Number of protein chains: 2
Amino acid sequence: MKQWVYLFEEGQADMKDILGGKGANLAEMTSIDLPVPPGFTITTEACMQFFAQGEQLSKEMETQIEQALEKLEQKIGKRFADPTDPLLVSVRSGSVFSMPGMMDTILNLGLNDETVKGLATLSDPRFAYDSYRRFIQMFSDVVLGVDHFYFERLITERKQAQKVSQDTELTANDWQQLCEQFLALVQKHTRKPFPQEPKEQLRLAIIAVFGSWNNDRAKIYRKIHQIPDHLGTAVNVQSMVFGNRGNDSGTGVAFTRNPSTGENRLYGEFLLNAQGEDVVAGVRTPQPIDQLQLKMPEIYQQFVRLSQQLEAHYREMQDIEFTVERGKLYLLQTRAGKRTAQAAVKVAVDLVLEGLISQEEALLRVDPDQLQQILHRRLDPNGELDVIGKGLPASPGAASGRIVFDADQAEEWANRGERVILVRPETTPEDIHGMLAAEGIITSRGGMTSHAAVVARGMGKACICGCEQAKIDLRRKEVEFGQRVLKEGDTISIDGGSGRVIAGDVPLIDPELTNEFQTLLKWADQVRRLEVRANADNPEDAAKAREYGAGGIGLCRTEHMFMSTERVPIVQKMILSETQEERNQALQQLLPMQVEDFVGIFHAMTGLPVTIRLLDPPLHEFLPNLEDLLVEVTQLRASADADPRQLIGKEALLRKVRALSESNPMLGHRGCRLGLVSPEIYAMQTEAILLAAAEAIRGGADVKPEIMIPLVGHVNELKEMRRLVEEVAKETEAQTGLEIPFTIGTMIEVPRAALTASEIAEEADFFSFGTNDLTQTTFGFSRDDAEGKFLHLYVENKILPNNPFVTLDPQGVGRLIRFGVEEGRKSKATLKTGICGEHGGEKHSIQFCHQSGLDYVSCSPYRVPLARLASAQAVLLDS
Amino acid sequence: MKQWVYLFEEGQADMKDILGGKGANLAEMTSIDLPVPPGFTITTEACMQFFAQGEQLSKEMETQIEQALEKLEQKIGKRFADPTDPLLVSVRSGSVFSMPGMMDTILNLGLNDETVKGLATLSDPRFAYDSYRRFIQMFSDVVLGVDHFYFERLITERKQAQKVSQDTELTANDWQQLCEQFLALVQKHTRKPFPQEPKEQLRLAIIAVFGSWNNDRAKIYRKIHQIPDHLGTAVNVQSMVFGNRGNDSGTGVAFTRNPSTGENRLYGEFLLNAQGEDVVAGVRTPQPIDQLQLKMPEIYQQFVRLSQQLEAHYREMQDIEFTVERGKLYLLQTRAGKRTAQAAVKVAVDLVLEGLISQEEALLRVDPDQLQQILHRRLDPNGELDVIGKGLPASPGAASGRIVFDADQAEEWANRGERVILVRPETTPEDIHGMLAAEGIITSRGGMTSHAAVVARGMGKACICGCEQAKIDLRRKEVEFGQRVLKEGDTISIDGGSGRVIAGDVPLIDPELTNEFQTLLKWADQVRRLEVRANADNPEDAAKAREYGAGGIGLCRTEHMFMSTERVPIVQKMILSETQEERNQALQQLLPMQVEDFVGIFHAMTGLPVTIRLLDPPLHEFLPNLEDLLVEVTQLRASADADPRQLIGKEALLRKVRALSESNPMLGHRGCRLGLVSPEIYAMQTEAILLAAAEAIRGGADVKPEIMIPLVGHVNELKEMRRLVEEVAKETEAQTGLEIPFTIGTMIEVPRAALTASEIAEEADFFSFGTNDLTQTTFGFSRDDAEGKFLHLYVENKILPNNPFVTLDPQGVGRLIRFGVEEGRKSKATLKTGICGEHGGEKHSIQFCHQSGLDYVSCSPYRVPLARLASAQAVLLDS
């Protein structure tokens, strides 16, 4: 005879397939002698059998349920339908994979017109009738198909009659009368009386829970999460315990360690003579868990022992729900406790030191994403937030300050010691000094790759982009968030990690790198195969990256060097020059500045490789905004007293800006296309790199420059640029008398580069997959446009499993990467490969990079620790 | 002993490897007893041996050359250095692959101070001394390394002394004295006398021609054209003949058939007592070839016989150079004659009917590209052109008309019978009626995929885009091309096939589809495997496509239907609607219009499949231009007496246009991304298609609609859109009571679609590769930006072998197509595949499509004949 029903003590943790997740967990807890309220599980096999038989319980099942119930009654010492002290049970679904909220639950089953009186005597009448009416409601909804609405209407009517507004204000008497009304309501709707016999209640409840496996919600949920339909759900029948049976009863929740700090000390709270609901409802204030030592010393001792036993058993910090019923302790649930990043790191490291887990396990215990919390200033989780808007989370970290609307003012106020938040429609290279001066940045236009976003991430500065709700009026110096109007000087806060804009000042928490943090990352370094580099454009970022454990710079974007206030005019002169001579003059002015940048970086990174990308963005990015100019020119034309020379100058500038402007700058004249059309720019940059290298060497640094040519799509582009770089190198060598050891490689950021990797590898010493652009071109998504206009809907509606700009798309973009690596290595075995897109700092993407055999990932300095940990996890998950 | 030297009569056509192209051709002509001036060839192997021996001729070679020369003297009956009638020869390089102009040639070798006198007696002194000084110049330059410049300076000095300006004005005496000066000059530069001994001249010339294989020009040319360096060049030594030895001598050029019309009748011209140069110099006017019948009846008869013999031998129309020396006819060269498209078609078909070639050969004889000439109005090749500008050749065909600067005026003038050319900075949907009214369009901005270009190609209307030289002043109604200012009403002509802008009126030739044309294409249809469809958006184009032999419509772009004048306001209402209700109202207005469009197309295409693409472009394309609006709003703001309501309205519109505008519209919110975010638009279009199909069926048509979802990158997009289409279909079916047989497929136009083709094929009945966009995304090239800014340089500098928007890139884009077809078919064997980008009308790309196993190509109606022919050629070239 097949066993359809298992008492908790008959099951084990590894029987999840037939007992479901919850059933297996209850069995596991029971098996290690935890005081779990007894019960039994009807198997998932029974569920499928139930469907196979036309939604009927077989005789055999019914008999086994009957037997299990008898054993339960014996064990508890209470009986179904006993009017003095009735056995009450919960009936819950429990499938193999968690499907939260998708199927049904019934509590307090066993109550009827008689047993409710017993319960009233044992606890109190108000609680008893409230429980009974809840049971009727739940049972009627789930089992009998009577909608909640009718019951709620009756409750509302009663509250109106009693002139009260809260359920909690209704009395025992009110609830008792409502129970009567509820029963009449059920009779009217179902044309049958509400089932009063507990065994019949149980039978119907089991059938209903089985049936809920095939309700629409559950079916859709399974489809979305790709859970097979044939698994079925188990049903758990568990005896109820009550913490509100007097002062020898109570209820509480506790963590075995402090979930905020990780400190190894019980942390939690409890309420005497109360049910879990009372804690949630906030009617009474719970007491800290250590007070339990005074109130119930024995229970407390037992709880401490149990929590140690649980940690030893589960080898993990636990979050425990418990109830004390008449001096007896029950554990209702135990699970791994949620914790902050700080706590996660400390707990993991402590558990290793306590000998409970291995270093490898500790590495897998910390979610790399959480490390971000540790590395940036963040909102105090206990602070009250007056959230007034939301934009794109463009650069993590939190900041508070006074609103300013232009970069000059930002600098001015910051110089006099004010903290400021720069609020702009969008930023341009001309705003850099203001961004540097500000604590954080908000823009109303532009996406995750807009100027503001990219620059802010590079600076490690909090930034929210594309906050379209923010209606900025630059003339009035006001910004409107919905109905809230803020003026220049008003204080505002932002959380760049979530995109939230908050009115007023909020408390912030500074980052702190603990010993445990360093220890964990050291362990990660011992395990990982991937090299972790940082994207850094200046000596400060390079130093920060090194501090965080970067093994080099994977992407140094030279355009950011072009964007500083004093350089933009020279860069513009270079771009707008009419003659080659003028252009060369401007380039000669830029040369020593670039040299200086690189010298600092080489010193900061001595001994480590530094990949420097030659100029990438289209030149119009360095010029004034076309629309602004158009408005200016139109205004000058309309004005009677405009200076005609000014108008002519602006008109000429407008023509040039328009001539350089592009319909799709992302796919336009940028990257090596600049280098091929205007080789003098790349020549200057190469010269600067090599002169800087020579200077750094003379200053004692060990330099390893890697010159990277961006946006190559055809091998000939790289061939030509390699020729140029080598030519300049020969000249510089002659000039400095020093032979600089350098390599030349390319970004793989358009599909054609990956598709022709075998040819391109012939001219490249390394490939760096620029996965931001590669994602844009592979999907045909402009990130700036997609994220605001349709991508969020794609993710919400599960058209795409993830935002591919956050998590690397393995089927499409990933296929190109694998192909590129394979073909590239076939053609050149020594080819070094890595990625330098933002995916380099995202855990799933890092795992993909590990599996694809890349040599390194490169990410923002603040993500280096995350990448170190994720790289180690990739090894552990892969083995 | 190895044979290093071959007399022409010893060689054959298939000895190209050792005789080079020219040598093998001369041998072939000699072998069929054509009267070729005798000579011999020194082999390519001798050349390589020459290099192997340190640039020396071996004894063996010298002996063989000596022997060949003796035989030549015997054959001609003239001898080297004979002062009365000297043997003169030409020495020419001739490699296996043609390298025009890369290596050296020496004429009239054998002249010296003595023999020149003989030549003077035999011809005339002026000719003799002119020939001698040319020989000295050429020989000194090529063999002795004395630069042309010195000789030219002496000629200039003499002209000044004689007070004449043209070389032709110098007398025999002048040339004789110049010869003396030349010889002295050589003596001074080389410190040796000019070699007077003809055999020594020959030896030195052969060494120099061999050596020219490794000159810089030739090396670079080989590198670019990937010609191996080890092939070497042959040297051809051929006796000179002269047509200027009296009235029994002459020279001429003739085609065996008329190269303009293809008529089977000798066509050419000749000059008595003249050399080829005289024809070229234009000093004397040649006579038509049939006059030769009167002047030299026997020679004429011989020439007619020879031309027939040549056609029979080469099985191709020939272009023959001939010289008559003292009553003896010599053929100097014969080769396949260049011809117009009309002639190419007629000759090919006639040769089949005459039994000279097979149908298959005829198909290979016509270059598909030429067919374009036949199908569009074109410039009369005999007309004089005053070219004043050049832009992108956006849509082929030629047109003349009066300049107008706006669409309304274009319509107005056209209505009163004027032919007009619409000149605009760029066009928008609001200009469509003007484009329809105009003969042709010029825009100063925008590329090959700009609105103007796409619409004009669809209309088959001549169009030049991105003509940046054209400075348009809309206020003054003027356009400036360099120094030329044209005003409204001035006449202008354009050639959309070359991008040339021409001042004034020019004669045009109308297209004519001859019987031969139809015959050739019928043969093509019997051979080709690829189906050829057309891209057509309205019933007129559909009818035109059918006339040209299209087997269906491969791409019907519904957005063009949204762009007609009366619809744009409704489309704008739909886009700008604030509520779902407003939007639905606008869509309901559009529905019957769309139905009407489709009914016409279905009737025109009865019995054939019609692929209809649902709305593709981003919605902002239907709205007013952002910059124009910005200017208007700025002007209204600046104006004291502006209507405030107007300002408010315009400001609101500006906000909406800005909200919809995108940084990279090409990668933005378009294609199925619209369908997913705003399903009501696709639902309306699907409804219109199926209602139209029902109406067409009732009207007796056999309809085969194929509904195409654009820009799919993930299978879920297509899955969702397929669900929508099927849902609407069910409703429409219920409404009409007719079951419409239709299929659902997708465009493959982003790399990710090709990379995940196996998944996407599960939801698709067909794939249509949109190679325009696929090229843009695979390369990361925005066509609009690339073509003006860097792509032309890429092609000029051979960074790319071709413009990938013209010729499909087989390594990158092509790899994705092959992968997509393979993976798609693996997952669904019945999957239909084709391409509908502009490559569908380009011969190399069509060949690629054939080889990749696609089912069809689709192109503009005017390119359908080209595609039919190219598809047949693909089969023939592949077998």
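Residues numbered from 1 in each chain as written. Chains lettered and ligands numbered in written order. Predicted model: local features only at pLDDT ≥ 70, side-chain atom pairs only at ≥ 80, totals over all residues. Heavy atoms only, no water.

All names here are of chain B. This model, assessed by the stated rule, comprises 129 salt bridges over all chains. Among the salt bridges present, the one from glutamate 418 reaches arginine 402, with a minimum N-O distance of 2.8 Å. Taken together, the residues span a long stretch of sequence, with glutamate 418 in the loop between helix 16 (407-415) and strand 15 (420-424) and arginine 402 in strand 14 (residues 398-404) at a distance of 16 residues. Given the relative accessible area of 27%, arginine 402 is considered partly exposed. Taking the shortest distance from any N to any O, the salt bridge between arginine 445 and glutamate 426 comes out at 3.2 Å. Placement of the pair is arginine 445 in the loop between strand 16 (440-443) and helix 18 (451-459) and glutamate 426 in the loop between strand 15 and helix 17 (432-437), with a sequence separation of 19 residues. Its relative accessible area of 33% is what places arginine 445 among the partly exposed residues. Taking relative accessible area as the criterion, glutamate 426 reaches 28% and is therefore assigned partly exposed. (Salt bridge = Lys/Arg side-chain N within 4 Å of Asp/Glu carboxyl O. Helix = DSSP H or I, 4+ residues; strand = E, 2+ residues; numbered from the N terminus. Buried < 20%, exposed > 50% of the residue type's maximum accessible area, 1.4 Å probe, protein only.)

It is worth spelling out the UniProt feature "domain: Pyruvate phosphate dikinase AMP/ATP-binding" (unreviewed entry) in chain A at this point. If you check UniProt for "domain: Pyruvate phosphate dikinase AMP/ATP-binding" (unreviewed entry), the listed places come out as residues 17-54, 58-289 and 301-348 of chain A in our numbering. In this annotation, residues 17-54 of chain A is assigned 63% helix and 11% strand; the end-to-end C-alpha distance for the span is 23 Å. (UniProt positions renumbered as here; feature names shortened; annotations may be inferred.)

Moving on, we get to the pairing of strand 22 (residues 500-503) of chain A. Residue and element names in this part refer to chain A. In this structure, strand 12 (residues 387-390) lies alongside strand 22, joined through three bridges in antiparallel fashion. By the bridge assignment, lysine 390 is partnered in strand 22 with arginine 500. As paired elements, strand 21 (residues 491-495) and strand 22 share four bridges and run antiparallel to each other. Directly across from isoleucine 494, in strand 22, lies its bridge partner valine 501. Connecting strand 21 to the next strand, strand 22, in antiparallel fashion are four residues, including glycine 499 with a positive phi near 85 degrees. (Pairing = 2+ DSSP bridges.)

Right, let's talk about the interface of chain B and chain A for a bit. Taken together, the 56 residues of chain B in the interface contact 56 residues of chain A. Summed over both sides, the interface between chain B and chain A buries roughly 5,000 Å², with carbon and sulfur atoms accounting for 59% of that surface. The largest contributions to the chain B side of the interface with chain A come from Leu667(B), Arg752(B) and Lys789(B), which together make up 13% of the buried area. Put simply, chain B and chain A have four salt bridges between them. Between Arg752(B) and Asp809(A) there is a salt bridge, with the nearest N and O atoms lying 2.7 Å from each other. Counting across the interface, chain B meets chain A through 32 residue pairs in polar contact (both at pLDDT 80 or more). (Contact = heavy atoms within 4.5 Å. Buried area = accessible area lost by both parts, 1.4 Å probe. Polar contact = N/O pair within 3.5 Å; in protein donor to acceptor, adjacent residues only side chain to side chain.)

Residues and elements named next belong to chain B. Overall, antiparallel pairing links the five strands, which are arranged 1-2-5-3-4 in an open sheet. Both outer strands of the open sheet, strand 1 (5-7) and strand 4 (105-109), are each paired with one neighbouring strand and no more. Across the sheet, the axes of successive neighbouring strands diverge by a mean angle of 20 degrees, strand direction being ignored. Where strand 3 (residues 89-95) meets strand 5 (residues 233-239), seven bridges bridge the pair, whose relative direction is antiparallel. If you follow valine 89 over to strand 5, its bridge partner there is serine 239. Sheet strands touched by helix 3 (residues 59-76): strand 1, strand 2 (39-42), strand 3 and strand 5. Its angle to strand 2, the strand with the most contacts, is close to 165 degrees. (Axes fitted to C-alpha atoms, helices over the stretch in contact; angles between N-to-C directions.)

With that out of the way, let us pick up the sheet that holds strand 1 (residues 5-7) of chain A. Residue and element names in this part refer to chain A. With antiparallel pairing, the five strands of this open sheet are ordered in space as 1-2-5-3-4. For this open sheet the edge positions go to strand 1 and strand 4 (105-109), each flanked by a neighbour on one side alone. Within the sheet, the average angular offset between the axes of one strand and its neighbour, ignoring direction, is 20 degrees. Where helix 3 (residues 59-76) meets the sheet, its contacts fall on strand 1, strand 2 (39-42), strand 3 (89-95) and strand 5 (233-239), and the angle it forms with strand 2 comes to roughly 165 degrees.

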